[in-house]
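Chains, contacts and geometry: an overview
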Amino acid sequence: MKILKFGGTSVGSPARMKEVCKLITDGEQKVVVLSAMSGTTNSLVEIADYIKKGNPEAANNVVNKLRRLYSAHLVELFSTGKMLDETRKLVNGIFMHIHDLAMGAYTESVEKEILAQGELISTNMVTNYLKECGIKVYLIPALDFMRTDANAEPDLPFIKQALNNILTEHAGYDIYITQGFICRNHLGEIDNLQRGGSDYTACLIGAARRAEEIQIWTDIDGMHNNDPRFVDGTTPVRQLNFEEAAELAYFGAKILHPTCIQPARYAGVPVRLLNTMEPSAPGTLINNEMQWGTIKAVAAKDNITAIKIVSSRMLLATGFLRKVFEIFEQHRTPIDMVTTSEVGVSLSIDNTSHLADIVEDLKKYGTVEVDENMCIICVVGDLAWGNIGFESKVAEALAAIPVRMISYGGSNHNISFLVREQDKKAALCELSHKLFA
Ligand code: ADP
Ligand code: ASP
Ligand code: MG
């Protein structure tokens, strides 16, 4: 069985939804994961933000605007009064619920419940449209099987068991639709897998089912060799190793959720990136194969903070690094890059919610310096240490750019540079010019 995920733009209008329905009704049984229509989750974030700021009137204005937009979408999508009425009733109920939440007090749970509504609406629209077309389709509520554990990590054994039970109980359908992004946490509350999380949902389902293939359908023909939002003339990469794809996703290639490749890699399920706007284009295949001797792609991750700690005791005494890392662990802050010297260590983080406390604690062991608004530039490909010339070629491309940190040797697939955010575009362009021209 294949798992297909369609992102926000792929279901961004009733016309696009109909195109997706054509694509998925090829007679093969499949699970289809859908995002919210593009723009919807951003509007829901805006609603939650107004509630948080104690401005229910503004929240309601956004709710009403969204409600009007969906009213028009429904009329355009359905051709029979029966399905239109049924879906309208359901969508109206959802908007009433958002309205009620907007009238109440802000809590994090309220915010997460609001954010979940976009996927609930889009999946009901597509399911009912398929029913109208006479397709045997079943809507699996993601909230019945997608769950995270106490560490906010996906609970794969639970997901597997719960999903298998549902599919066994409702066997015989041609298409199973489910919501991307949304889940329940270990307390049973509505939660999500972070922005862009529908990719993660698809890969978790693919791993849970040991699917034949996971397909991520989006608005571009696969993973490009650089970020097309900043660099002109990027081209698709036809094949990536799981590790290369995981590094690119983690270090900022927006086409994939940062951690979605992990479950597919562990389960050994290939992932194919495809273009809904051009379904016959080959896209990118992510699997276990490794193409030696090539640099594949470049990505950039913003909002990075660099922290340097110079040890007060001249030399790095035994235990200094342990103490430094423990502080980050205590404050539940993951570290992305690390470089060391005889006297100190530099680290980079992207979650700064505990930065002040971390700096306070680090000051017990040395002099601390913080650089904000930095960006990680990550170059991915065959970067095993035995290869000659690749690192120098990459470094040469950045000759005119101030580099704060360089990380190489942590994997066979990656070399990363920390630069100022203001130099990001120039760095990406120079790398494309040097590596792919
Ligand atoms: P979806 O809504 O389908 O999940 P996203 O917007 O999350 O789509 O991801 C697709 C977008 O990712 C593309 O339109 C492109 O602008 C952006 N992107 C960033 N880096 C890359 C890359 N290296 N290759 C392809 N697309 C990329
Ligand atoms: N709708 C969610 C978002 O906009 C999840 C996704 O699209 O993958 O982030
Ligand atoms: Mg996405």
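That block above? That's the structure.
The residue numbering used here restarts from 1 in each chain and proceeds along that chain's sequence as written. Chain letters start at A and ligand numbers start at 1, both assigned in the order the entries are written. In keeping with the predicted nature of the model, local features appear solely for residues at pLDDT of at least 70, side-chain atom pairs appear and are counted solely at 80 or more, and the whole-chain, interface and lining totals rest on all residues. For the side-chain quantities, the full set of heavy atoms in the structure was used; hydrogens and water were omitted.

What follows concerns the overall build of the protein. A count of helical and extended segments in the protein gives 14 helices and 16 strands. The buried share of the protein, taken over its 437 residues, is 51%. Here the contacts in the protein between residues at least 6 apart in sequence split such that 75% fall between residues at least 24 apart. For the protein, the accessible surface area stands at approximately 19600 Å², while carbon and sulfur atoms represent 50% of it. Side-chain charges in the protein split into 43 positive and 53 negative, and the spacing between the mean points of these groups amounts to 2 Å. Counting from the N terminus, the helices are DSSP H or I runs at least four residues long and the strands are E runs at least two residues long. Whether a residue is buried, partly exposed or exposed follows from its accessible area with a 1.4 Å probe, protein chains only, as a fraction of its type maximum: under 20%, in between, or over 50%, in that order. Throughout, a contact is declared for two residues whenever any of their heavy atoms are within 4.5 Å. For accessible areas, the Shrake-Rupley method is used with a probe of radius 1.4 Å. Any residue's cover is judged against the shown protein chains and nothing else. This count recognises Lys and Arg as positive and Asp and Glu as negative, with His and chain-terminal groups excluded. Positions of charges follow a simple convention, taking NZ of Lys, CZ of Arg, CG of Asp or CD of Glu.

Right, let's get into the site of ligand 1. Only a single heavy atom is needed: when it lies within 4 Å of a molecule or strand, its residue is near that molecule or strand. If you check the shell around ligand 1, you find 15 residues, and the closest are Lys5, Thr218, Asp219, His224 and Lys254. In protein, a polar contact means a hydrogen-donor-capable atom and an acceptor-capable atom, both N or O and within 3.5 Å, with residues adjacent in sequence counting only if both atoms are side-chain atoms; elsewhere, any N or O pair within 3.5 Å suffices. Between ligand 1 and aspartate 219 there is a distance of 2.8 Å, counted from an oxygen atom to a side-chain nitrogen or oxygen. Here an oxygen atom of ligand 1 and a backbone polar atom of isoleucine 255 are 3.4 Å apart. Burial of ligand 1 by the protein amounts to 86% of the accessible area it has alone, namely 570 Å².

Glancing now at the site of ligand 2. Close to ligand 2 lie Ser35, Thr41, Glu119, Phe181, Arg195, Gly196, Gly197 and Ser198. Serine 35 places a side-chain nitrogen or oxygen 3.2 Å from an oxygen atom of ligand 2. Between ligand 2 and glycine 197, the relevant distance is 3.4 Å, taken from an oxygen atom to a main-chain nitrogen or oxygen of the residue.

Turning next to a nonpolar patch on the surface. On the surface, Leu321, Phe325 and Val338 cluster together to form a nonpolar patch covering roughly 200 Å² of accessible area. Within the secondary structure layout, phenylalanine 325 lies in helix H11 (residues 320–330). Residue classification places phenylalanine 325 among the partly exposed positions, given a relative accessible area of 32%. What goes into a patch is any residue over 30% in relative accessible area without a salt bridge, connected to like charges within 9 Å or, for nonpolar side chains (Val, Leu, Ile, Met, Phe, Trp, Tyr), within 5 Å. Salt bridges are defined by distance alone: a side-chain nitrogen of Lys or Arg within 4 Å of a carboxyl oxygen of Asp or Glu.

Strands are treated as partners if at least two bridges between them are detected by DSSP. Read across the sheet, 8 strands follow the order E3-E4-E2-E1-E7-E9-E10-E8 without closing on themselves; strand pairing throughout is mixed. Among the strands making up the open sheet, the edge pair consists of strand E3 (137–140) and strand E8 (239–241). Taking each pair of neighbouring strands and ignoring which way they run, the sheet shows an average axis angle of 20°. With 5 bridges joining them, strand E2 (residues 30–34) and strand E4 (residues 175–179) adopt parallel strand pairing. Counterpart to valine 33 in the pairing with E4 is threonine 178. Helix axes use the C-alpha atoms of the stretch in contact, all axes being lines fitted to C-alpha atoms, and the angles between their N-to-C directions lie in the range 0 to 180 degrees. Along the sheet face, helix H6 (residues 117–132) touches E2, E3 and E4 and points at about 165° away from the line of E4. On the sheet, helix H9 (residues 242–250) packs against E8, strand E9 (271–275) and strand E10 (284–287) and is oriented at approximately 90° with respect to E8.

Attention now goes to the pairing of strand E12 (residues 337–340). Pairing analysis gives 4 bridges linking E12 to strand E13 (residues 344–349), with the strands arranged antiparallel. Paired with valine 338 across the two strands is leucine 347, which belongs to E13. Remark: 3 residues form the turn of the hairpin made by E12 and E13, two consecutive strands paired antiparallel.

Along the polypeptide, alanine 211 turns up in the loop between helix H8 (198–208) and strand E7 (213–218). Along the sequence, alanine 211 and glycine 12 sit 199 residues apart, while their C-alpha atoms lie 27 Å from each other. With residues near it in sequence (within four places) discarded, alanine 211 still touches Met1, Ile3, Gly206 and Val269.

A few words on the sheet that holds strand E15 (residues 403–408). Across the sheet, 6 strands lie side by side as E12-E13-E11-E14-E16-E15; this open sheet has antiparallel pairing. Two strands in the sheet have a free side with no partner beyond their single neighbour: E12 and E15. Across this sheet, the average inter-strand angle for adjacent strands is 25°, counted without regard to direction. Here E15 pairs with strand E16 (residues 414–420) via 5 bridges, running antiparallel.

At their nearest, the axes of helix H4 (residues 81–103) and helix H5 (residues 108–115) sit 10 Å apart, and the two run at 160° to each other. Taken together, the axes of H4 and H5 are roughly antiparallel relative to one another. Of the two possible hands of crossing, H4 and H5 adopt the one that is left-handed. Every residue of H5 that contacts H4 at His97, Ile98 and Leu101 is listed here: Val110, Glu113 and Ile114. Residues that form the contact of H4 with H5 fall into these classes: 4 nonpolar, 1 polar and 1 charged. An angle below 35 degrees is read as roughly parallel, one above 145 as roughly antiparallel, one from 65 to 115 as roughly perpendicular, and any other as oblique. By convention, the crossing between two helices is left-handed when the near helix turns anticlockwise from the far helix through less than a right angle, and right-handed when the turn is clockwise. In this classification, the charged set is Asp, Glu, Lys and Arg, the nonpolar set is Ala, Val, Leu, Ile, Met, Phe, Trp, Tyr, Cys and Pro, and all remaining amino acids, among them Gly, are polar.

All right, on to helix H3 (residues 56–77) then. One fewer than the residue count of a helix, multiplied by 1.5 Å, yields its expected span. With 22 residues, H3 extends 31 Å from end C-alpha to end C-alpha; this agrees with the ideal 32 Å at 1.5 Å per step. For H3, the complete set of buried residues consists of Ala58, Ala59, Asn60, Val62, Val63, Leu66, Tyr70, His73, Leu74 and Leu77. Where H3 is buried, its residues meet helix H1 (14–24), helix H2 (40–52), H4 and H6.

Right, let's get into the pairing of E3. Alignment of E3 against E4, held across 4 bridges, turns out to be parallel. Note that in E4 the partner of leucine 139 across the bridge is isoleucine 177. In this fold, the crossover linking E3 to E4 by way of helix H7 (residues 156–169) has right-handed handedness. Orienting the strands away from the viewer, one traces the path from the first strand over the helix to the second; a clockwise path indicates a right-handed crossover.

With that settled, the discussion passes to the environment of threonine 9. As for its position among the elements, threonine 9 is in the loop between strand E1 (2–6) and H1. When the C-alpha atoms of threonine 9 and glycine 93 are compared, they prove to be 24 Å apart, with 84 residues separating the residues in sequence. Once you skip the residues sitting within four places of it in the chain, threonine 9 turns out to touch Arg16, Ser38, Asp219 and Met277.

Take the nonpolar core next. Grouped together as the largest cluster of nonpolar side chains are 105 residues, with contacts concentrated most on Ile47, Phe145, Leu256 and Val271. Among the elements that take part in this core, H4 stands out by supplying 8 residues, more than any other. Setting aside residues up to four positions removed in sequence, phenylalanine 145 forms contacts with Ile140, Phe158, Ile159, Ala162, Leu163, Ile166, Thr178 and Ile205. Among the nonpolar cores identified, the runner-up in size contains 20 residues, and Leu383, Ile415, Phe417 and Val419 belong to it. What makes a nonpolar core is a set of buried Ala, Val, Leu, Ile, Met, Phe, Trp, Tyr and Cys residues whose side-chain atoms join them at distances within 4.5 Å.

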